[in-house]
Amino acid sequence: MRISRELALIILKYLLDNPSFYFPFHIMCQGYASQKEEDKDFVEIIPIDDFENLLDNTQYNTFELWENLQNLHLETLQLMSKGFIEKIVGASIENQIQARAKEWRVRWKEELWESTNIEEFGQNEYFGGKAEGFEEALEIVQNTMESTR
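Residues numbered from 1 in each chain as written. Predicted model: local features only at pLDDT ≥ 70, side-chain atom pairs only at ≥ 80, totals over all residues. Heavy atoms only, no water.

Asker: Looking at this model, I keep getting lost on the packing of helix α1 (residues 5-17) against helix α2 (residues 47-56). Mind explaining?
Answerer: Here α1 crosses α2 at 140°, and the two axes come no closer than 10 Å. Accordingly, the angle class assigned to the pair α1 and α2 is oblique. As for how α1 packs across α2, the hand of that crossing is left-handed. Between α1, through Arg5, Leu9, Leu12, Lys13, Leu15 and Leu16, and α2, the contact on the second element is made entirely by Pro47, Ile48, Phe51, Leu54 and Leu55. (Axes fitted to C-alpha atoms, helices over the stretch in contact; angles between N-to-C directions. Helix = DSSP H or I, 4+ residues; strand = E, 2+ residues; numbered from the N terminus. Parallel < 35°, antiparallel > 145°, perpendicular 65-115°, else oblique. Left-handed = near helix turned anticlockwise from the far one by under 90°. Contact = heavy atoms within 4.5 Å.)

Asker: Could you clarify how one ought to interpret the environment of Gln78 in this entry?
Answerer: Residue position: Gln78 is located in helix α3 (residues 74-107). Assessed through its relative accessible area of 49%, Gln78 is described here as partly exposed. Along the sequence, Gln78 and Asn117 sit 39 residues apart, while their C-alpha atoms lie 57 Å from each other. (Buried < 20%, exposed > 50% of the residue type's maximum accessible area, 1.4 Å probe, protein only.)

Asker: Even after reading the chapter, I still don't get the side chain of Thr76, so can you show me in this structure?
Answerer: Within the secondary structure, Thr76 is located in helix α3. If sequence neighbours within four positions are ignored, Thr76 has contacts with Tyr22 and Pro24.

Asker: Can you walk me through the nonpolar core in this structure?
Answerer: The nonpolar side chains of soluble globular proteins are, as a tendency, buried together. If you look at the biggest cluster of nonpolar residues, it comprises 17 residues, and the most contacted ones within it are Ile11, Leu12, Phe23, Ile27, Ile45, Leu54 and Phe63. Elements with a minimum of two residues in this core: α1, β2 (25-30), α2 and β4 (63-67). At five residues, α1 tops the list of elements feeding residues into this core. Apart from the residues lying within four places of it in its own chain, the contact partners of Ile27 are Ala8, Ile11, Leu12, Leu15, Val43, Glu44, Ile45, Phe63, Glu64 and Leu65. (Core = buried A, V, L, I, M, F, W, Y, C linked by side-chain atoms within 4.5 Å.)

So, to be careful, I would describe these as geometric facts and stop short of saying anything about function.
Structure, rendered in structure tokens:
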């Protein structure tokens, strides 16, 4: 899985600061071990050996995570399970919020926006406010889910 340089550095720093944490992926960098332009093989990055050099040398920008599932610790399994459950539940939450936003949006009537009947106007504003609230919540959920993908 391709990751950004920034994310690779964040992961490496975390692994340096938490040496007992088992990360079930190898962090790979393209062309890291070779000074030859034509050598574009991926090389595993070892946090303790390579972090400082990667911080100082911005020419390395192509990073990937490669699975390393040989030693799945209980904490790793719990984190992986949590990620899958969040994906499943997140999609369900997204669907529920989207349905509510549509329900309220259908009730809102544009032609009542300038109504002189205060009750009609107020009720319409309430419907519009509810729709906007659910639409904003949906946007937050979608942005959060997108940032974790």
